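# Residue-level structural notes
If you want the building blocks of each chain, they are given just below.
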Amino acid sequence: MEERPQHCLSRLLDNSALKQQELPIHRLYFTARRVLFVFFATGIFCLCMGIILILSARSTQEIEINYTRICANCAKLQENASNFDKECTCSIPFYLSGKMMGNVYMYYKLYGFYQNLYLYIRSRSNRQLVGKDVKAVEDCAPFKMSDNKTPIVPCGAIANSMFNDTIILSHNINSSVQIKVPMLKSRLTWWTDKYVKFQNLSSKNLADEFRGKIHTVPPNWPKPIYDLDKKDPRNNGFLNDDFIVWMRAAAFPTFKKLYGRLNRTHHFIEGLPAGNYSFNITYNFPVTRFHGEKSVVLSTLTWCGGNSLFLGLAYTVTGAMTWLASFAMMAIHIMLKNKKMSFFHQ
Amino acid sequence: MFCFMVEVERIVKANDREYNEKFQYADNRIHTSKYNILTFLPINLFEQFQRVANAYFLCLLILQLIPEISSLTWFTTIVPLVLVITMTAVKDATDDYFRHKSDNQVNNRQSEVLINSKLQNEKWMNVKVGDIIKLENNQFVAADLLLLSSSEPHGLCYVETAELDGETNLKVRHALSVTSELGADISRLAGFDGIVVCEVPNNKLDKFMGILSWKDSKHSLNNEKIILRGCILRNTSWCFGMVIFAGPDTKLMQNSGKTKFKRTSIDRLMNTLVLWIFGFLICLGIILAIGNSIWESQTGDQFRTFLFWNEGEKSSVFSGFLTFWSYIIILNTVVPISLYVSVEVIRLGHSYFINWDRKMYYSRKAIPAEARTTTLNEELGQIEYIFSDKTGTLTQNIMTFKRCSINGRIYGEVHDDLDQKTEITQEKEPVDFSVKSQADREFQFFDHNLMESIKMGDPKVHEFLRLLALCHTVMSEENSAGELIYQVQSPDEGALVTAARNFGFIFKSRTPETITIEELGTLATYQLLAFLDFNNTRKRMSVIVRNPEGQIKLYSKGADTILFEKLHPSNEVLLSLTSDHLSEFAGEGLRTLAIAYRDLDDKYFKEWHKMLEDANAATEERDERIAGLYEEIERDLMLLGATAVEDKLQEGVIETVTSLSLANIKIWVLTGDKQETAINIGYACNMLTDDMNDVFVIAGNNAVEVREELRKAKQNLFGQNRNFSNGHVVCEKKQQLELDSIVEETLTGDYALIINGHSLAHALESDVKNDLLELACMCKTVICCRVTPLQKAQVVELVKKYRNAVTLAIGDGANDVSMIKSAHIGIGISGQEGLQAVLASDYSFAQFRYLQRLLLVHGRWSYFRMCKFLCYFFYKNFAFTLVHFWFGFFCGFSAQIALDTSYWTFINHVFIWGSIAIYFSILFTMHSNGIFGIFPNQFPFVGNARHSLTQKCIWLVILLTTVASVMPVVAFRFLKVDLYPTLSDQIRRWQKAQKKARPPSSRRPRTRRSSSRRSGYAFAHQEGYGELITSGKNMRAKNPPPTSGLEKTHYNSTSWIENLCKKTTDTVSSFSQDKTVKL
């Protein structure tokens, strides 16, 4: 039996480290020094982070006023079917004890409104909203067409149930002088919403454009889509910021949505000064029917979000646990080491 | 084969296709393929949907097509399902294509068939039952044939049956005398119109019953007249045969066993896991459905009015019912279909690692290891039982003359300068035989002392070698180059005669009456006076010759235990010395024979010869009288010495066996070879040792005896305290087995079990089966000898069924195919002549020793990796899916999903295929403005990722989650190494300490061992060849025999064939423990 030449072998089977499974491996070897170092370092980091987060969260200010009960008379008025087109306003005065510095944001907050129901979320037509085809209402059941077979614009359950209270914040400098706090209705949405997901049919004359297509207003809506913002004609149609904010369905039944942000001019250049304020609310959105509640929220933000303490607390707890664990591990390790030493000495 | 009637007997008429067509016998085409083009799609789909997972996903798909409950779009399921099914189908199709190809290759082999009185080349598949075909030397036999005539006198022919039973000895077949007359006369053969009535197709290789009716007379047919498909014709220039069984009816195909779909234990575990998870899923679904009903009746009602949904349309219970199905669809990702695909892909990768492994590459023959099945890799790490063939797998089937002891002196050991025994290494210079023109070049002997003794003319040494050259059944032949070629019927004899030849005692030729040898250059012709043949009770063989000087001598060789009793008392000193030497040889696993001679005086021999002739002529008790006469003359022998022949093991067998048994893997040897040979190999590769407490040999001839022997062995094992009463009562079986597994643990000492084929046949019957299994599983080594291919498979099945153990079968020949197929994992040794074993196997490589790497490296790693992967996979899916469950509590159980799952499955595939780049590119595409512009309804999540990831808060949460998840694991690992270190931890620590101390010194383990075992006797010899030689029937006639040669040969010669037949049928029917002729 003569040996075959060696080149056979090299030709047939590649001698690479991968194919021969001889790649270098690294196995984490948990030496006491490394592990304890990592643990202590992580613990310190988490504790610091937690404290910073808690401090910054506490530096934010937030005022929430639940007006479900305060404006109960309006709700009652609305429940009576004969008064459905009567406007009802209610005013809620409140006192701001300290001034709110920086950017102030105004939110409306709903309790018990299930915007995350499967059928509810599905009931919208992105094709319509992107301005491509007003008649694309296939996905909008049960709000597809009106009785005379014209498409509803905007169609679907989400659009139909849009939050339509008007909230106006005014500052009472003294008992007689009331200044309306200027609120901006722009940049409440994401860039992609404004420029990708929502588009009007054509930018020239919105009303004409919408009127040209025969369509119907959603059943709950008092006014058509092209007439949502009377002051700013560009903030109309599908590009209305309130509409876009509402159309982004919330993930939980209790949610708040951005309503406006403080226009920092003149009197309010530094934020909201302390003093008497009042909310003037035009009450349209019915919550008593589903035993929900609604409130209005004023809040400032910091670099890490709103005034939720959760993240800060979580960091602090984790840091503390890590430190405890590292002390425990150190103790165990030293004990075992002594034992081993004595064993070797024997 | 579909027959409308069950075949009770087969009637075949030669040369009459029309007549035979009536019976619709199968033709000679074989099908191992499963599909054809038309049946592929339906059959393959049917098979695939039988898998639980595929069926489950089909159901899911159907559910998703119902709009009321569909919470995910239908393509999330159909895309992966179609992908999986296509991949599997493509794989099945390629597999089947190769089967078709190999079928075609076999079916298209050419053979010469007698059609319309002419020999025509015909493809194998067109051969029909009843055809007469011509075979030539070294050709494969196309179908099961009735031998009609051959080129050798008296219709003899030689076949090699290695493909069938693994034995490489040549076997003799002979035609009926009436048909052998036909010779090669085509016109007479074409006129042959005999009718054969015989048994129906079956898988018994050593049995055939039939009757040939021709010319108004009937001749009974037995196995001796049949050549089976798969044999190779040897030393016979041509023969004619009539096809009895063709294609799927042949004994080879009947023995091949069914191909089973093999699955690994991980597969089974996965299936159970999937079932459990499915149950879990149902529970989740029910909880959420109940939640939905409650929510609908309490909150949803009020909310519904707000949303203008028709109140009467849905009751809360019905809504809950729908929600149940919706959640089943949403939560289906706990059992993701990609699991099955990913597992397959990982296994495929592991198979490539096996194929690429240079450490399993046999450079001499340029054969790499090959994983022929890609789905079984991790099972390799779980093997508990290995069933190994012997010939060709453990041994090379090469016998070499290693040592001898002549007149009390050992030759063949190599001593170094300090007179220490040393290993024979390549550097040692072998004895140079090249000066002798007749020497066999491959023979190597390392002790120069023997040559010197020969040169010095030591008479005992000369006598010893002369005996080796005279006392055997070898036939010689000169090939065209004038070289001597020996035709041996047992490789041991070949080794001995070749050794004598190389030392100058060259066996030249023989006639029925003489043997011519060349003694150190001078020709000498010995007269062969008597041939005292070998058989299994005598365990020896003798010749009586008259040498040229006129002296009569009896030369004898045989088992030492037998021969030592026949010695003359004057040999006592030499006997004890030789006996020591024999023990030493046997301890090294060599096959030994004792050698002795006797001088006879003329008068005594003449008297004896007369008595022998009388006995031969006798009609009553002929065999007993002859045996008595043999005993009479074979006494007062003078001991010459002993020979030791090595049955060469494959490289590295001992090391492999040792390390595998260290890994607690039990190795059983299943061989078609003889008991002695098998035991010998057991000792040679350390499976049997002298340290063993007991070796049980089961050799009963009927069920009762076998049971008794098993019981006795078991009692031995347990001592008398444990009483095994009713091992065969079926209802107690389970408890019994459980009990025994405890006993097995507590059992101390090593035991071995040796059982032969006939006993095994009885032992495999239902009531003794458990006794056998219990005993066998408690023994460290089990050797089954003389087993048929089907019995091999039965043994494997037995262990598989009752032990729940993972089994592996390894073999090289067609006789191992059924065993390879029935074991969990079958391994074929490639690089041998036949391909059947490799084709049937799951893995193939060239050397037994690669088994170690395959099991202990590849198997272990595959198992580790697969386990890690599965853990990760299930973890990932639970983490992902349970979010939906939790979210259900916040969204009114309305089956809304919290995360974008529509493309989750798809992303999953890509992720697992390792391409993070592809993952992100798809993610970005899906979140891109462009794709939203094209499909606003299908991809509504534009902007989500972009805006959330720009918030610092999100990153803080991610960081915190990471810390909170990683820290406990690190702490756990750290403490585990400290508190409960695993073996590998300890070893790693030890290695570190070693590295610091000093580099390890290399040690070479010594395999030599001393042994007290007495007999290493083994001799692969068959009875009957003595008569063959003395009758002269196998001598090739120098002149072509006359056509009517049969009448001219004298009476004595025809009786020889009858004797041979009689003996073989006797042995077969009486189930003697060592049946000599198996086919």
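Being a predicted model, the structure only gives us computed values, none of them experimental. (Residues numbered from 1 in each chain as written. Chains lettered and ligands numbered in written order. Predicted model: local features only at pLDDT ≥ 70, side-chain atom pairs only at ≥ 80, totals over all residues. Heavy atoms only, no water.)

### Observations concerning the overall build of chain A
In terms of helices and strands, chain A carries ten helices and eleven strands. When burial is assessed residue by residue, chain A has 47% of its 346 residues classed as buried. For chain A, contacts bridging at least 24 residues in sequence account for 78% of all contacts bridging at least 6. (Helix = DSSP H or I, 4+ residues; strand = E, 2+ residues; numbered from the N terminus. Buried < 20%, exposed > 50% of the residue type's maximum accessible area, 1.4 Å probe, protein only. Contact = heavy atoms within 4.5 Å.)

### A look at the overall build of chain B
Check the secondary structure of chain B and you find 37 helices and 33 strands. Residues classed as buried in chain B amount to 54% of the 1079 residues present. Partitioning the contacts of chain B with sequence separation of at least 6, the portion at a separation of at least 24 is 71%. Of the roughly 48900 Å² that chain B leaves accessible, carbon and sulfur atoms contribute 57%. (Areas by Shrake-Rupley, 256 points an atom, 1.4 Å probe, with all protein chains shown as cover.)

### Overview of helix α2 (residues 37-48) of chain B
All names here are of chain B. Its twelve residues give α2 an end-to-end C-alpha distance of 17 Å, which sits within 8% of 16 Å, the value for a rise of 1.5 Å per residue. Within α2, burial applies to Phe 40, Asn 44 and Gln 48. Along the axis of α2, the buried residues cluster in a sector spanning 25°; they form a single face. For α2, exposure combined with an orientation more than 90 degrees from the buried face picks out Leu 38 and Phe 46. Between the side-chain oxygen at the start of α2 and the backbone nitrogen of Leu 38 there is a gap of 2.9 Å, and the oxygen is on Asn 36. (Expected span 1.5 Å × (residues − 1). Arc of directions from axis to C-beta. Polar contact = N/O pair within 3.5 Å; in protein donor to acceptor, adjacent residues only side chain to side chain.)

### Observations regarding the packing of aromatic side chains
For the coordinates displayed, the defined rule picks out 47 aromatic pairs over all chains. Judged by centre distance (3.8 Å) and plane angle (10°), the ring pair of Tyr 108 of chain A and Phe 163 of chain A falls under stacked. Pair noted here: Tyr 108 of chain A is in strand β4 (residues 104-111) and Phe 163 of chain A is in the loop between α6 (157-160) and β5 (166-172), with a separation of 55 residues, a long-range link. Per residue, the accessibility class of Tyr 108 of chain A equals that of Phe 163 of chain A, and both read buried. Summarising the aromatic geometry, the rings of Trp 886 of chain B and Phe 889 of chain B are spaced 5.9 Å apart at their centres and angled 50° between planes, so their arrangement reads as tilted. Trp 886 of chain B sits in the exposed class, given a relative accessible area of 57%. Three or more aromatic residues joined by ring pairs make a cluster, and in this case those are Tyr 108, Phe 113, Tyr 120, Phe 163, Trp 246, Phe 255, Tyr 259, Phe 285 and Phe 290 of chain A. A cation sits over an aromatic face here: Lys 13 of chain B above Tyr 19 of chain B, 5.4 Å from the ring centre. Over the ring of Trp 214 of chain B we find Lys 215 of chain B; its NZ or CZ atom is 4.3 Å from the centre of that ring. (Phe/Tyr/Trp six-rings, centres within 6.5 Å; stacked < 30°, edge-to-face > 60°. Lys NZ or Arg CZ within 6 Å of the ring centre and 35° of its normal.)

### A closer look at the pairing of strand β10 (residues 275-282) of chain A
The side chains of a regular strand alternate between both faces of the sheet. Residues and elements named next belong to chain A. Extensive coverage of β10 is indicated by the burial of six of its eight residues. Where strand β2 (residues 89-96) meets β10, eight bridges bridge the pair, whose relative direction is antiparallel. Bridged to Pro 93 within β10 is Ser 278. Relative to β10, β5 runs antiparallel, the two being bridged by seven bridges. Residue pairing across strands places Ile 168 opposite Asn 280, the latter belonging to β10. (Pairing = 2+ DSSP bridges.)

### Some thoughts on the sheet that holds strand β5 (residues 144-150) of chain B
With respect to topology, six strands assemble into an open sheet ordered β3-β2-β4-β13-β5-β11 (chain B), the strand pairing being antiparallel. If you trace the sheet from one side to the other, it starts and ends with β3 (118-123) and β11 (226-227) of chain B, each paired once.

### Focus: the packing of helix α24 (residues 766-778) of chain B against helix α25 (residues 789-803) of chain B
Residues and elements named next belong to chain B. One way to put it is that α24 packs onto α25 with a least axis distance of 11 Å and a crossing angle of 85°. The angle between α24 and α25 falls in the class roughly perpendicular. Residues Lys 769, Asn 770, Leu 772, Leu 773 and Cys 777 of α24 touch α25, and the partners they reach there are Leu 798, Val 799, Tyr 802 and Arg 803. Among the residues forming the contact of α24 with α25, the class breakdown is six nonpolar, one polar and two charged. (Axes fitted to C-alpha atoms, helices over the stretch in contact; angles between N-to-C directions. Parallel < 35°, antiparallel > 145°, perpendicular 65-115°, else oblique. Nonpolar A, V, L, I, M, F, W, Y, C, P; charged D, E, K, R; others polar.)

### Describing the confidence of the model for chain B
Residue and element names in this part refer to chain B. For chain B, the average pLDDT comes to 78, and 82% of its residues sit at 70 or higher. Considering only residues more than four positions removed or in separate chains, one finds that residues 720-746, a stretch of pLDDT under 50, has 30 contacts. Counting contacts from residues 1000-1015, a segment whose pLDDT is below 50, to residues more than four positions away or on other chains yields 29 contacts. In the predicted complex, the global pTM is 0.65; the interface-specific ipTM is 0.75. (pLDDT = per-residue confidence, 0-100.)

### Quick word on the environment of Asn 355 of chain B
Tracing the backbone shows Asn 355 of chain B in helix α11 (residues 338-356). With 490 residues separating them in the primary sequence, Asn 355 of chain B and Phe 845 of chain B have C-alpha atoms 9.6 Å apart. Beyond its immediate stretch of four places on either side in the chain, Asn 355 of chain B contacts Leu 13 of chain A together with Pro 368, Ala 369, Glu 370 and Ala 371 of chain B.

### Comments concerning the interface of chain B and chain A
How big an interface is tends to be stated in terms of accessible area lost as the parts join. Each side of the interface is counted separately: chain B has 63 residues, and chain A has 74 residues. Contact between chain B and chain A buries roughly 6700 Å² in total, counting both sides, with carbon and sulfur atoms accounting for 67%. In this structure, the connection of chain B to chain A is made through one salt bridge. Where Lys 359 of chain B meets Glu 22 of chain A, a salt bridge forms, and the shortest distance between an N and an O atom there is 3.5 Å. Put simply, chain B and chain A have eleven residue pairs in polar contact (both at pLDDT 80 or more) between them. For the side of chain B that touches chain A, the secondary structure elements donating two or more residues are α9 (265-307), α11, α28 (850-888), α31 (929-934), α32 (944-949), α33 (952-979) and α34 (983-997) of chain B. Among the elements that make up the side of chain B that touches chain A, the one with the highest residue count is α33 of chain B (15 residues). When the residues that make up the side of chain B that touches chain A are grouped by side-chain class, the tally is 33 nonpolar, 16 polar and 14 charged. (Buried area = accessible area lost by both parts, 1.4 Å probe. Salt bridge = Lys/Arg side-chain N within 4 Å of Asp/Glu carboxyl O.)

### Re the sheet that holds strand β15 (residues 385-388) of chain B
Residue and element names in this part refer to chain B. As summarised here, the arrangement of the nine strands in space is β14-β33-β32-β31-β15-β27-β30-β29-β28, forming an open sheet in which the pairing is mixed. Looking along the sheet, the strands with just one partner apiece sit at the ends: β14 (370-371) and β28 (694-698). In this structure, strand β27 (residues 666-670) lies alongside strand β30 (residues 781-785), joined through four bridges in parallel fashion. Residue pairing across strands places Ile 667 opposite Thr 781, the latter belonging to β30. Lying over the sheet, α28 contacts β15, β31 (807-811), β32 (825-829) and β33 (843-845), oriented at roughly 140° with respect to β33.

### Some thoughts on the UniProt feature "transmembrane region" (unreviewed entry) in chain A
All names here are of chain A. The UniProt record annotates "transmembrane region" (unreviewed entry) at residues 35-57 and 309-336. Secondary structure content for residues 35-57 is 100% helix and 0% strand, and the end C-alpha separation is 32 Å. The distance from the first to the last C-alpha atom of residues 309-336 is 41 Å, and the span holds 96% helix and 0% strand. (UniProt positions renumbered as here; feature names shortened; annotations may be inferred.)

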